[in-house]
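One-letter residues, chain by chain:
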Amino acid sequence: MSAASVFDVIIIGAGAAGLFCAGVAGQRGLKVLLIDHSPKVAEKIRISGGGRANFTNRDLDPRQPHKHYLSENPHFCRSALSRYTPADFVSLLQRHGVPFHEKHKGQLFCDRSAQDLIDVLLRECAAGGVTRWQPCAVQAVRFSDAEAATRYTVETDRGPAHAPALVVATGGLPVPKIGATDFGLRVARQFGLKVVEPRPALVPLTFEPSAWAPFAQLSGLALPVRIATGDKSQRQSFDEDLLFTHRGLSGPAVLQISSYWRPGAALRIDLHPEAALEPLLLAAKAQASRKQLPNELARHLPQRLADTWTATRADWQRPINETPDKALAQLADSLHRWALTPSGTEGYAKAEVMAGGVDTRELSSQTMASRQPGLYFIGEVVDVTGWLGGYNFQWAWASAYACAQAL
Ligand code: FDA
């Protein structure tokens with residue numbers, strides 16, 4: 001075994017969590033090897049936030065992590081998120097002179113491009129003297145109790161590497177075409193650690209083609225809605241924009257609710273959450289308006305939606321002053337309480353994150369160390385899933401930092 005192949009820690013996965021962990025650990029004086037199979041570094045950061053990386057969220061409250069994160073163990077993420085906060089990451093970017101701005105609901109984005117963020121992470125790795133093998137395929141991970149200093153051997157196409165500690169930062173299953181794999185879940189299972197069944201999250205929802213046919217023509221249309229799923233005890237709702245697509249629904253409202261949606265469950269959508277429609281329609285009728293009902297409705301909703309919606313019933317297609325009050329009430333009610341059941345999701349090809357992953361009950365919330373000696377899991381591979389809006393990157397930074405402090 002050559003000295004050049006022996007490290008203090010090997011990190012597999014040079015994405016958000018792996019790069020950040022490598023830089024912090026390297027700057028603590030550890031000899032770090034970072035391995036990634038992809039030819040390009042941090043592709044998910046590059047494509048994130050429409051190319052500008054929504055890198056954190058100012059509204060995150062680490063005392064109430066369950067508000068913005070899903071996990072079978074909802075309080076697991078609290079310790080790491082409170083020890084490395086959005087303000088900490090913001091000050092890192094400020095030290096590197098990266099310009100950024102706040103968009104919507106506390107979301108912070110790079111002004112120029114996500115490349116600024118990647119450059120910061122690479123400079124932090126360089127400052128820590130991190131060795132990076134990329135592209136480099138990992139063939140196997142072996143553990144031996146014989147000698148603590150080299151208990152992990154990672155077999156790669158550049159030869160073996162050895163270290164007392166191994167950090168798995170290989171992310172989740174979304175977007176396989178840019179290098180996502182189930183490597184982290186396989187390593188967990190190899191060492192007898194439980195995995196919470198993974199599923200696509202922050203993902204567009206789809207409907208049976210025949211049920212969706214009347215709405216497919218609305219593809220591209222967006223509007224603000226209130227969307228909800230779950231029964232009374234576990235109801236979750238969001239006020240965000242909805243987007244119609246050829247196959248179903250997308251947009252921030254649907255991406256957010258998709259993380260909570262379970263197959264077979266219904267969605268409830270209020271297409272005009274800002275005000276009750278019935279009094280507005282009755283008031284228009286009281287003015288003896290001869291306007292066609294779809295055109296009156298279009299004062300409150302996009303015309304294409306008003307036309308499609310009213311086309312389903314003959315008594316919604318008359319002048320408003322000839323429409324019975326009951327029909328107006330039913331129209332308003334149908335728009336405020338649209339109930340529909342998705343047939344599925346667009347899957348990992350279109351999901352932004354994976355829900356589920358390495359069971360947090362197998363990990364220390366202080367250090368991300370697993371029950372298996374010297375083996376750590378950080379970032380998206382862990383069963384901690386953030387809302388849309390920078391929460392997933394903040395989990396990557398916070399879990400990486402907690403781990404790097406413990407190595
Ligand atoms: P990440 O996926 O970043 O890195 C994993 C690395 O492991 C990759 O470099 C991969 O090549 C490597 N790897 C995988 N398998 C391997 C193997 N077998 N061997 C070696 N290497 C392997 N979040 C957010 O907070 N704000 C945002 O704006 C967005 N936007 C966004 C857009 C899109 C289109 C997607 C798909 C996702 C987002 N996200 C997001 C989510 C965010 O990108 C994600 O949660 C983090 O990148 C997770 O960081 P990780 O380091 O855990 O995984």
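- The name given to the protein chain in an unreviewed UniProt entry is Aminoacetone oxidase family FAD-binding enzyme, with Tepidicella xavieri as the source organism.
- A UniProt comment under Cofactor (unreviewed entry) is attached to the protein chain, and it reads "FAD".

**Concerning the sheet that holds strand E14 (residues 222-229)**
- Reading across from one edge, E18-E17-E14-E15-E16-E13-E19 is the order of the seven strands in this open sheet, with antiparallel pairing throughout. If you trace the sheet from one side to the other, it starts and ends with strand E18 (338-340) and strand E19 (344-345), each paired once.
- Bridge count for strand E17 (residues 267-270) against E18 is three bridges, and the pairing is antiparallel. Opposite arginine 268, over in E18, you have alanine 339 as the bridge partner.
- Taken strand by strand, helix H7 (residues 209-216) contacts strand E15 (236-244), strand E16 (248-250) and E18, and its axis lies near 145° from that of E18.
- Against the sheet, helix H8 (residues 251-258) engages strand E13 (205-206), E14, E15, E16 and E17, with an angle of about 135° to E15.

**Description of the UniProt feature "domain: RsdA/BaiN/AoA(So)-like Rossmann fold-like" (unreviewed entry) in the protein chain**
- As recorded in UniProt, the feature "domain: RsdA/BaiN/AoA(So)-like Rossmann fold-like" (unreviewed entry) lies at residues 8-405.
- The span residues 8-405 is 30% helix and 23% strand, and its two end C-alpha atoms sit 13 Å from each other.

**A short note on the environment of serine 38**
- For serine 38, the location among the structural elements is in the loop between strand E2 (32-35) and helix H2 (43-47).
- Overall, serine 38 belongs to the buried group, its relative accessible area being 11%.
- Here the side chain of serine 38 touches lysine 40 through a polar contact of 3.0 Å, landing on its backbone oxygen.

**Overview of the domain arrangement of the protein chain**
- Partitioning the protein chain into domains gives domain 1 (5-200 + 348-406) and domain 2 (208-346).
- Each of domain 1 and domain 2 has a C-alpha centre, and these two points are 40 Å apart.
- Carbon and sulfur atoms make up 48% of the surface buried where domain 1 meets domain 2, a total of about 1000 Å² over both sides.
- Of all residues in domain 1, Arg199, Trp387 and Leu388 bury the most surface against domain 2, accounting for 46% of the area lost on that side.
- For the interface between domain 1 and domain 2, the tally reads one salt bridge.
- Between glutamate 240 and lysine 105 there is a salt bridge, with its nearest N and O atoms 3.3 Å apart.
- Across the domain 1-domain 2 interface, the total number found is six residue pairs in polar contact (both at pLDDT 80 or more).
- Across the side of domain 1 that touches domain 2, the residue classes tally to six nonpolar, one polar and four charged.

What counts and what doesn't
Residue positions are counted from 1 within each chain, in the order its sequence is given. Local features in this predicted model are restricted to residues of pLDDT 70 or higher, and side-chain atom pairs are both shown and tallied only at a pLDDT of 80 or more, whereas totals for entire chains, interfaces and linings draw on every residue. Hydrogens and water molecules were not included; the side-chain quantities draw on all heavy atoms of the structure. UniProt positions are given in the numbering used here, feature names are shortened, and annotations may be inferred rather than shown by experiment. Only strands that DSSP links by at least two bridges are regarded as paired with each other. Helical segments are the DSSP runs of H or I of at least four residues, strand segments are the runs of E of at least two, and each set is numbered from the N terminus. We call two residues in contact when some of their heavy atoms are within 4.5 Å. Lines fitted to C-alpha atoms define the axes, with helix axes restricted to the stretch in contact, and inter-axis angles between N-to-C directions lie between 0 and 180 degrees. Each residue is assigned to one of three classes by its accessible area relative to the maximum for its type, calculated with a 1.4 Å probe on protein chains only: buried under 20%, partly exposed between the two thresholds, exposed over 50%. What qualifies as a polar contact is a pair of N or O atoms within 3.5 Å, subject to a donor-acceptor requirement within protein and to the restriction that residues adjacent in sequence count only when both atoms come from side chains. How far each domain reaches was decided by an automatic or database domain assignment. Two parts lose some accessible area (1.4 Å probe) when they are put together, and adding that loss for both gives the buried area. Any Lys or Arg side-chain nitrogen found within 4 Å of a carboxyl oxygen on Asp or Glu counts as a salt bridge. In this count, Pro and Cys sit with the nonpolar residues alongside Ala, Val, Leu, Ile, Met, Phe, Trp and Tyr, while Asp, Glu, Lys and Arg are called charged and the others, Gly among them, polar.

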